[in-house]
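# Inside the fold
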Amino acid sequence: MKASIVSYLEKKFGSNKFIFSEIPEKYSYDESTVYKCFPEAVFLPENEEEIREFIKISKERKIKIVPRGGGTGVCGGAVALFGGIVLSTEKMNKIIDFDEINLCVEVQAGVVNGELKVFLEDRGYYYPPDPQSYDTSFIGGNIATNAGGPRAIRYGTTKDYVMGLNLVTGEGKIINTGGKVYKYSSGYNLNELVCGSEGTLGVITKAIIRFIPLPLKRIVFLLPFLNLESAMLFVLDAQRANLPFSAFEFIDDTAVNYIEKFLKRSLPFSERAKCYLFAELEWDGNDRYLEEVEKLAKKNNSLDIFVATDRVSEERLWEARKKISYAFKEYSKKVYKADVVVPRGKIAHFIKKTKEISSENMPVACFGHIGDGNIHVNILELKENERVIDAKKILNLIMNIVKELGGYPSGEHGIGVAKKEFLKNFFSSYHISIWKKMKKVLDPNNILNPGKIF
Ligand SMILES: Cc1cc2nc3c(=O)[nH]c(=O)nc-3n(C[C@H](O)[C@H](O)[C@H](O)COP(=O)(O)OP(=O)(O)OC[C@H]3O[C@@H](n4cnc5c(N)ncnc54)[C@H](O)[C@@H]3O)c2cc1C
């Protein structure tokens, strides 16, 4: 970065707002395990006005800006791969307003998802979006990726909770979208446009987020199955029976190998089971539900059914699902990921086809949200193997299957750089040109996270 710009920025904002040298490593990567690049500098604003000022200056001087939340993204979105300054929202972590009448909070973009959850739970309320990175990912990052999570099947994704937000556009102007209102048919819905925009349209500075009353007690079930089809039929039966399930997650047998090694314990029936289903039910204490779940498990040939009704056993049952990404990371040099989404009825077919690509040298492990068709495919470049895998070729094969089945390349993680080359298989050039024009309106100088999404 030019010395003249450095001194100008330091003078304008104070030297404590920037890191120009000895940039900490954490700003050079995200959780993709694949993308790494140090930014030219890091900007640490404390309020919206500083962001607005900074964007105005960047627009004039053509400085690229890479917005960053908790850095837990898995698509390279928050990594400055094409140069520029990382704008970290970590100091913007205040809960500004708690409104029990309108059942909403106003938060700065850098509030950690899990901290908002605890704040609300202490007051008897609940914020449902639950990306499994909730203890470190930020609300701003969750909005920018439209994060989902296991409970999306019952409660929806981040966009369903954003009532309004403040966005500083690439022109250094502020727009407020929405507000404390529960209905909105007042022109184009810019809230929804910003959800999933991955820092390419503006920097989210604060948001009005709705919350709901705390749900009932939860019970977690672990069901091993001989095949994925049976697990899928269990899910469909449970939904048809209108049982109040809040999550259906699965892991396949390849994933089980790594999680068992990582946890240093075996999962029950792992020598036979090809699929484990983790199911969470919201429970009013009525035994009828438990009896029905057991009946459905039997009907669909589950090898057994394990039930957790207290926090400790619940955590133990969930552990295998929750730690899975860490297990892959432990045994791999790189993990190439795709969180594809296919119609629910096609999940079993998708996994079968994907397994045909998997081999001992290059395992392809699947897990994810079996209830909504959002499957996390992980191609493992193992530490023990010399061979460097051609991940692009394999991802391409997988994306072709997704396309054939009527799905899309991402259900919740976003595109970033990881999946951008596959977009043209899914969207016409006219469709993509509309996106590009929309970006141009909000970011005419292409300074906001350029090179991401498309
Ligand atoms: C162990 C693990 C489990 C995960 N589980 C899930 C899951 O269940 N569901 C799920 O959806 N995701 C999951 N993720 C992925 C990731 O946590 C989510 O994408 C999350 O929403 C990213 O939030 P973040 O604050 O870390 O954002 P970052 O990684 O910092 O940024 C992500 C993107 O958002 C942009 N951005 C960040 N803040 C702003 C802002 N204020 N304004 C504009 N743009 C911004 C960045 O430029 C980037 O493009 C998981 C990740 C890990 C490591």
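## So, the packing of aromatic side chains
All told, the structure shown has 25 aromatic pairs when counted by the stated rule. On the basis of an interplanar angle of 75 degrees and a centroid distance of 6.3 Å, the ring pair of Phe13 and Phe54 is categorised as edge-to-face. Of this pair, Phe13 sits in helix H1 (residues 3-13) while Phe54 sits in helix H2 (residues 48-61), placing them 41 residues apart in sequence. Take Phe13 and Phe54: they sit in the same class, and that class is buried. Summarising the aromatic geometry, the rings of Tyr258 and Phe328 are spaced 6.3 Å apart at their centres and angled 75 degrees between planes, so their arrangement reads as edge-to-face. In this pair, Tyr258 is assigned in helix H8 (residues 253-263) and Phe328 in helix H11 (residues 324-331), connecting sequence segments 70 residues apart. Residue Tyr258 is classed as buried on the basis of its relative accessible area of 9%. Given a relative accessible area of 1%, Phe328 falls into the buried group. Here a set of aromatic residues connected by ring pairs shows up, and it is made of Phe13, Phe18, Phe20, Phe43 and Phe54.

## Details of the side chain of Ser28
Position of Ser28 among the secondary structure elements: in the loop between strand E1 (18-19) and strand E2 (41-43). On the basis of relative accessible area, Ser28 is assigned to the buried category, the value being 0%. Among the polar contacts listed, one links the side chain of Ser28 to the backbone oxygen of Glu25, at a separation of 2.6 Å. Setting aside residues no more than four positions away along its own chain, Ser28 makes contact with Tyr35, Lys36, Cys37, Phe38 and Val79.

## Details of helix H10 (residues 311-322)
Those residues of H10 lying buried are Glu314, Leu317, Trp318, Ala320 and Arg321. Projected onto a plane normal to the axis of H10, the buried residues spread over an arc of 140 degrees and lie on a single side. Facing away from the buried surface of H10 by more than 90 degrees, the exposed residues are Arg311, Val312 and Arg316. The N-cap of H10, judged by a side-chain oxygen 3.1 Å from the amide nitrogen of Val312 a few residues on, is Asp310.

## As for the nonpolar core
Counting residues in hydrophobic clusters, the biggest one holds 57 residues, and the most contacted among them are Phe221, Phe234, Phe245, Phe350 and Ile370. Residue contributions to this core peak at 7 residues, all from helix H13 (residues 391-404). Those residues in contact with Ile370 that lie beyond four places of it in its chain are Leu228, Ala231, Met232, Val235, Phe248, Glu249, Phe250, Leu277 and Ile347. Formed by 26 residues, the second largest nonpolar core is a distinct cluster that contains Leu222, Ile251, Ala255 and Trp318.

## Thoughts on the packing of helix H7 (residues 228-240) against helix H9 (residues 287-299)
For the pair H7 and H9, interaxial distance at closest approach is 9 Å and the crossing angle is 145 degrees. Crossing of H7 over H9 shows right-handed handedness. Of the residues in H9, those touching H7 at Phe234, Asp237 and Ala238 are Val293, Leu296, Ala297 and Lys299. Residue composition of the contact of H7 with H9, by class: 5 nonpolar, no polar and 2 charged.

## Considerations on the sheet that holds strand E14 (residues 275-283)
Overall, antiparallel pairing links the 7 strands, which are arranged E15-E12-E14-E13-E17-E18-E16 in an open sheet. Two strands bound the open sheet, and with one partner strand each, they are strand E15 (306-308) and strand E16 (332-341). Direction aside, the axes of adjacent strands within the sheet are offset by 15 degrees on average. By the bridge criterion, 3 bridges tie strand E12 (residues 217-225) to E15 in an arrangement that is antiparallel.

## Things to note about the pairing of strand E17 (residues 364-369)
Most of E17 is tucked away: 6 of the 6 residues are buried. In terms of strand pairing, strand E13 (residues 245-252) meets E17 through 3 bridges, oriented antiparallel. Looking at the pairing, Phe250 lines up with Gly368 of E17. Pairing of E17 with strand E18 (residues 374-382), which is carried by 6 bridges, proceeds in the antiparallel orientation. Considered in E18, the bridge of Cys366 is made with Val377. Adjacent in sequence and paired antiparallel, E17 and E18 are bridged by 4 residues, among which Gly373 carries a positive phi angle near 80 degrees.

Cut-offs used in this document
- Residues numbered from 1 in each chain as written.
- Predicted model: local features only at pLDDT ≥ 70, side-chain atom pairs only at ≥ 80, totals over all residues.
- Heavy atoms only, no water.
- Phe/Tyr/Trp six-rings, centres within 6.5 Å; stacked < 30°, edge-to-face > 60°.
- Helix = DSSP H or I, 4+ residues; strand = E, 2+ residues; numbered from the N terminus.
- Buried < 20%, exposed > 50% of the residue type's maximum accessible area, 1.4 Å probe, protein only.
- Polar contact = N/O pair within 3.5 Å; in protein donor to acceptor, adjacent residues only side chain to side chain.
- Contact = heavy atoms within 4.5 Å.
- Arc of directions from axis to C-beta.
- Core = buried A, V, L, I, M, F, W, Y, C linked by side-chain atoms within 4.5 Å.
- Axes fitted to C-alpha atoms, helices over the stretch in contact; angles between N-to-C directions.
- Left-handed = near helix turned anticlockwise from the far one by under 90°.
- Nonpolar A, V, L, I, M, F, W, Y, C, P; charged D, E, K, R; others polar.
- Pairing = 2+ DSSP bridges.

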